[in-house]
Each structure stands twice: as structure tokens, then as C-alpha cells.
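# Structural overview for review
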Amino acid sequence: MNQSALAKEAEQSAEQKQPTAKPATQTGADGEQREDDQAEQAPPKKEPYTLPPDLAPEDTAIDVDNITVTYRAYTERPGTFKEIALNFIKERKARYYTTFDALSEVSFKVPKGKIVGFIGSNGAGKSTLLKTLSGVLKPASGIVTAKGRIDSLISLGSGFDREANAIENIYLYGSLHRVPRDVIKARVPKILAFAELEEFAYTPVRYYSSGMYARLGFACALDMNPDILLVDEVLAVGDERFRKRSREAMDNLLLSGKTIVMVSHAINMLRDFADIIGVLSKGKLIYYGDPFEAVKVYRDESYEVALDGKRLAKKPASKKPKS
Amino acid sequence: MTAHVIRTAGHYYDFLAAIYNYREYLKHSVIRDLRKKYKRSTLGYLWSMLNPLLLMIVLTVVFSKIMSHVETYSVFLFSSLLAWQYFVGTVTQSLSSIRANMKLIEQVPIPKFLFVLSIAVSNIVNFLLSLVPLLLVMVVVGRPIQWTVLLFPVMFIPLFLITIGFSLLFAVANVFFEDTTHLVRVVTHAWYYLTPILYGRDHIPASLESWIPFANPMFLVCEYMRDIFYYGNIPSLSAYLYSCCVGLAVLALALWIFHKCDDKFIYFV
């Protein structure tokens, strides 16, 4: 990929869009109106946002610089001493796996207080990206710089103790995120109210339905007051009413200057919700910028894989230059 | 290019800082471990006392004939056995601890040694509970309880260091080679017979006595428990310091390996 050409393009597109660009603001009322997230023609309610080509460090929430994450795909997992010993004896080359890059040379900046979405087909590296941002996965190379506390809604309630009740689990969740005990204590009623689980506060969560479990997880994560929230396909949790309130809660997070990074297959929902969308394809970030453009890129990419190489040259990419 | 992640949380493999930062989690985890252990049993925590007591009775019945020259063999055996039980219990439970917390590892960047630490700490409670039957047996068989039992916390320190060191080593090995579970079962069994639990220092040949106590880290620490509960002796300071150093060395090695592997666990669990 020609970086200088990209940079030029980015500048041009930024110039074109600059006059219309306004800081995107999300309101609670706005969230209420966006009920029908799965609908094909959900009208965009938010102000368009254009990513400036040179985002100032103080406006950057996460700076991802050229990260590569390499996985090993084991053909035959040599988990045992015996197998390894046998392989040694047979003098077979020690190659039980092939490596592949789940993410390769991905760079982007997440602006503070914005929603950034990532779309891509299965196996494009979306979940890997979130794991890298949250710090559970270290990239093989590259640097992730994040400002502030990150919390992830990757798999809801995964830190929960199934034998413990909701209140104990709220404390457990808080302790995992190093929130002081007295701070959590004050928040317990609020979390229970949000999850609508006051009635079952003393029931071990193993008796919960999956919806209740997920609601508790969602409520906990939202209430840990992270500076940056990573979300993986969880807005569809619970019933219609809970989803609506989740939206409102997320909008409130945005209002208080929080940054959200989301990954989803619900493309239309994401398009209306996000300020910036990145498109991942086979571990590469092929587009990063305007949501509507991104969805087009994604659709092209999924339906016309053959045109993969040409498309980048044709479309005005507003992908940010490498800094 | 080097892998590098800057986090506001600081370097989380700064172990002492990690323990402090995650102290609330550790507390939760210890309580959970304790509660889970006897959750569905009627006798509950009584098992922490009954279990070693019953094991001691069985071993006493079997070996007291052979060891008939040892006065109150039950106390002689029980005092060392408890130290060993703590060690082997912690090692065995730690083996699967990292894999068991896989879901957590995938969501929160948490230092993985905490899982092992939490097991070692919750087993302290079991250890303390099992001192109750030991003292009871001492009263019943008429072995005088001497002031040296108060040295228990001091004598526990090297045992704790050694236990957590080996638990971490085996736990990390088990992530990469699942066979470790089976191997550890055999190794601890052999180790058990190399440690003065069923027998005493007097029973081992002179040729071995010069080096076995130093080669086997568990040898001396099991003896300390026997010293303070059975003999009413104070172990020699030099031996005690040696045990502490061995414990620290094993722990340092284990933590170093953990540090090296902390980022790789997620690919294997």
C-alpha cells in the first residue's frame, strides 16, 4: 500500500469535508429514536464526523500503531511429552503449526469521545482487534497506546462466579477492574436497578436465565465507568426495552466524553451509531473513516472479493496517514 | 520491532504491585475457593479437620507396628503430614487453575499468577483448621503441647514460599504440556516417600542424611512442623534460613517463567 498516496488522498478528502464537519454530539433523546436498529433504512440521526488527518495526541483515546497479531494454527496439536519426544526421535522438522496473521500492520487512531465501529466478515480479525485493545492479547509487533481505563464487554459476565449471587458478583466484577470496595458498594443498587434484577439480587447467578445473566454483565460493565469501552456484539442483549435503555446508557457515556469501540455484524445499526467505521478484511484494515463509505467498502469486499486490489485505488480513501 | 503495550495501569507483572492492586479480587477468589470446596457437603468445613484426621488414623494403624519405637507415633506422623498435605493439595489444585480461568483471561488483562496465589492462600485456612485435630490428638494421646507451637507462623513461611513456587512451576508447565497433570501425580508420590513424614531423620541411612535434607526442599520444612509440635524444639537458624532461601529461589524462578509466559497463555488455554 502506498502510504504517501494515501496520505495525500486523506488530506484532500479532509479538505473537502472540513467545512461541514462538526463535532458529533449524542443525546439521550437521540438514542430513544434509534429503536429499530436492525431495520434496513434506519435514518441517521447523528452529525457526520470526519476524522482529521493529523489527530492531536490529546484528542486521541487509543493510538494503534502498526500492530500485527500472529496466531498459530495447529494442524496436530502436540500437547504431550510423548508426541514431542516421538517427533524428536523421528527427526521430523518441528513444525506442528502454520502461523497466520490475524491482524497485519493495522494502524489507526480512535478519537476521544467518539464511537468507532469495526466491521468485517467472519475471521477478519474483529475480535482479535478488541482483545488487543483491551490488553489481554499482546501483538507480535506494533504499539497500542491507550489513554485512560479500558473496559470490555467482550463476553458478558465471563468473570462471574456462578455460585455467587448478583451482589457478590458485582463486587467480584469491580475487584477485577480494581474499583475500590466502597465505590462499588455505593453503586450496587444502581447496577441492580439497571439490570432489573433487584428481585433476584440474592439468587445465585447459576439460576439466572441467559438474558438475566447478560443484563447483569452489561450493567456491571457500564457502571465501572471506563474511559474507553470495548463492545463486542452485545447491544442485542435482553428484550427491546433493555436494549433501548442500554443505548441510552451508552449515549450518556458518550456525553460524558467516553470513547466506545464496537464490533458488530449488525452493519446498519453500526452505521447509524458510529462516527467512524473501520473495515477489516483478512486481518488488514482496508478502510477507516466515514461510516456510509465503510459500509459500501464492506459490501464490495464481501460480494466482489475479486476486485479487492482495484477498489482501494478507485475509492477516495480517508484512511489516516501513518504518523 | 518489539512488542510493547503502554497501559496506565502500569506494569502488571510487577508482582507485589499486582497483589496490592488486585487485593480485592484475591479476597473474593479465596472466599469463593473456600466456599466452593464444601458447598454441597453436609459436614462442610468439618471436612478440613476430618480429612487429615482420618488419613492420619489410617496411616497410624498401618505403620505404628513398624514404628513402634517412636513414642506417640500419631503426633509424630500428623505434624509432618499436615505440612505435606498443604504442599501437595496446593500443587494439585493449581495445575488446572490457569485453564479454569480461561474466560477471565480472555476478558481482563489480569496477572495469571494470582490464580495460583489465591489457591495457596485459601489452603492456609484449611491448614489452620487442620491444626485443631492435631492439637486434639495431642491432648488425647497425652503428648504435651509446648510453647514452640507458637512458632507455627514463622515455620510456615518457608513452606509457603516453596509451595507457591512449585505450584506456579507446575501450573505453567501444565498450560503448555497437559501431561504435567499425570506426571505431577507420580512425582509427588515419590517425593512423599523422600520426605520424613512416615519416618524420621533417624531412619534414613547416614550416607543419605548428609545431603537429602538439602536436596529435597520439603525435607526440612516438614521437619520444622515436627520440631515445634512433636519435639518441642526450635529448628536451627541456619537450616531455617536455608529453607527460606530455597523457597525464595524457587519462587523467583517460577515468577520469572510466569513473566516470560504471561502473554502466551492466551494462545494455549
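Residues numbered from 1 in each chain as written. Chains lettered and ligands numbered in written order. Predicted model: local features only at pLDDT ≥ 70, side-chain atom pairs only at ≥ 80, totals over all residues. Heavy atoms only, no water.

### Notes on the pattern of salt bridges
One pass over the full model with this rule turns up eleven salt bridges over all chains. Between Arg181 of chain A and Glu24 of chain B there is a salt bridge whose closest N-O contact spans 3.9 Å. Placement of Arg181 of chain A in helix H6 (residues 181-195) and of Glu24 of chain B in helix H2 (residues 23-37) is noted, with the two residues assigned to different chains. Glu24 of chain B gets classed as buried once you look at its relative accessible area, which sits at 15%. For Glu293 of chain A, the salt bridge is made with Lys296 of chain A, and the minimal N-O distance between the two is 3.8 Å. (Salt bridge = Lys/Arg side-chain N within 4 Å of Asp/Glu carboxyl O. Helix = DSSP H or I, 4+ residues; strand = E, 2+ residues; numbered from the N terminus. Buried < 20%, exposed > 50% of the residue type's maximum accessible area, 1.4 Å probe, protein only.)

### A short note on the confidence of the model for chain A
Detailed reading of predicted coordinates is not advised where the pLDDT is low. Residue and element names in this part refer to chain A. With 67% of its residues at a pLDDT of 70 or more, chain A has an overall mean of 73. The low-confidence segment residues 1-44, where pLDDT is below 50, has 65 contacts with residues more than four positions distant or belonging to other chains. The model gives residues 311-323 a pLDDT under 50, and that stretch makes 39 contacts with residues more than four places away or in other chains. (pLDDT = per-residue confidence, 0-100. Contact = heavy atoms within 4.5 Å.)

### Points about the packing of aromatic side chains
Taken as a whole and judged by the stated rule, the model has 28 aromatic pairs over all chains. Each ring, one from Phe156 of chain B and one from Phe160 of chain B, has its centre 5.9 Å from the other, and the planes form 35°; the classification is tilted. Taken together, the positions of Phe156 of chain B and Phe160 of chain B, both in helix H8 (residues 152-176) and four residues apart, correspond to about one turn of that helix. No difference in accessibility class separates Phe156 of chain B from Phe160 of chain B, as the two residues are buried. Taking 4.8 Å as the distance between ring centres and 80° as the angle between the ring planes, the aromatic pair formed by Tyr230 of chain B and Tyr231 of chain B counts as edge-to-face. Judged by its relative accessible area of 36%, Tyr231 of chain B is partly exposed. Taken together, the ring pairs in this structure connect Trp84, Phe87, Phe166, Phe170, Trp191, Tyr192 and Tyr193 of chain B into an aromatic cluster. Here the guanidinium or amino end of Arg181 of chain A rests over the ring plane of Tyr171 of chain A, the centre of that ring lying 4.3 Å away. (Phe/Tyr/Trp six-rings, centres within 6.5 Å; stacked < 30°, edge-to-face > 60°. Lys NZ or Arg CZ within 6 Å of the ring centre and 35° of its normal.)

### Considering the nonpolar core
Among the nonpolar cores identified, the biggest contains 121 residues, and Ile62 and Phe118 of chain A are the most heavily contacted of them. The element best represented in this core is H8 of chain B, accounting for 16 residues. Non-local contacts of Ile62 of chain A, meaning those with residues more than four positions away in its chain, are made with Phe108, Lys109, Val110, Leu133, Val144, Thr145, Ala146, Ile228 and Val261 of chain A. Counting residues in each nonpolar core, the second largest holds 52 residues, with Leu192, Ala195, Met250 and Phe273 of chain A among its members. (Core = buried A, V, L, I, M, F, W, Y, C linked by side-chain atoms within 4.5 Å.)

### Remarks on the confidence of the model for chain B
All names here are of chain B. Mean pLDDT over chain B: 86, with 95% of residues reaching 70 or higher. Mean pLDDT values over the elements of chain B span from 35, in strand E1 (residues 4-6), up to 94, in H8. Across residues 1-12, where pLDDT falls below 50, the model places 33 contacts with residues more than four positions away in sequence or in other chains. Two numbers describe this predicted complex: its pTM, 0.77, and its ipTM, 0.72.

### Side note on the side chain of Thr195 of chain B
All names here are of chain B. Relative to the helices and strands, Thr195 is located in the loop between helix H9 (180-193) and helix H10 (206-209). A relative accessible area of 0% places Thr195 in the buried class. In this structure the side chain of Thr195 is engaged in a polar contact, spanning 2.7 Å, whose partner is the backbone oxygen of Trp191. Only 3.1 Å separates the side chain of Thr195 from the side chain of Asn216, close enough to count as a polar contact. With near-sequence residues (within four places) excluded, Thr195 lies in contact with Trp84, Asn216, Met218, Phe219 and Cys222. (Polar contact = N/O pair within 3.5 Å; in protein donor to acceptor, adjacent residues only side chain to side chain.)

### Remarks on the environment of Ile204 of chain B
All names here are of chain B. With respect to the helices, strands and loops of the structure, Ile204 is situated in the loop between H9 and H10. Assessed through its relative accessible area of 12%, Ile204 is described here as buried. Note: C-alpha distance between Ile204 and Trp84 (120 residues apart in sequence) is 18 Å. Setting aside residues up to four positions removed in sequence, Ile204 forms contacts with Tyr199, Glu209 and Phe219.

### Examining helix H7 (residues 113-141) of chain B
The periodicity of an α-helix, 3.6 residues per turn, causes residues three or four positions apart to be oriented the same way. Over its 29 residues, H7 of chain B runs 42 Å from end to end, which matches the ideal 42 Å to within 8%, given 1.5 Å per residue. Of the residues trailing H7 of chain B, Gly142 of chain B is marked for its positive phi of about 80°. (Expected span 1.5 Å × (residues − 1).)

### Some remarks on the sheet that holds strand E3 (residues 115-120) of chain A
Residue and element names in this part refer to chain A. One open sheet holds the six strands; their spatial order is E5-E6-E7-E3-E8-E9, and the pairing between them is mixed. The two strands at the open ends of the sheet, each matched to only one other strand, are strand E5 (150-153) and strand E9 (284-289). Each strand axis lies, on average, 15° off the axis of its neighbour in the sheet, ignoring direction. The pairing of E5 with strand E6 (residues 228-232) spans four bridges and is parallel. Looking at E6, one finds that Ser152 is bridged to Leu230. (Pairing = 2+ DSSP bridges. Axes fitted to C-alpha atoms, helices over the stretch in contact; angles between N-to-C directions.)

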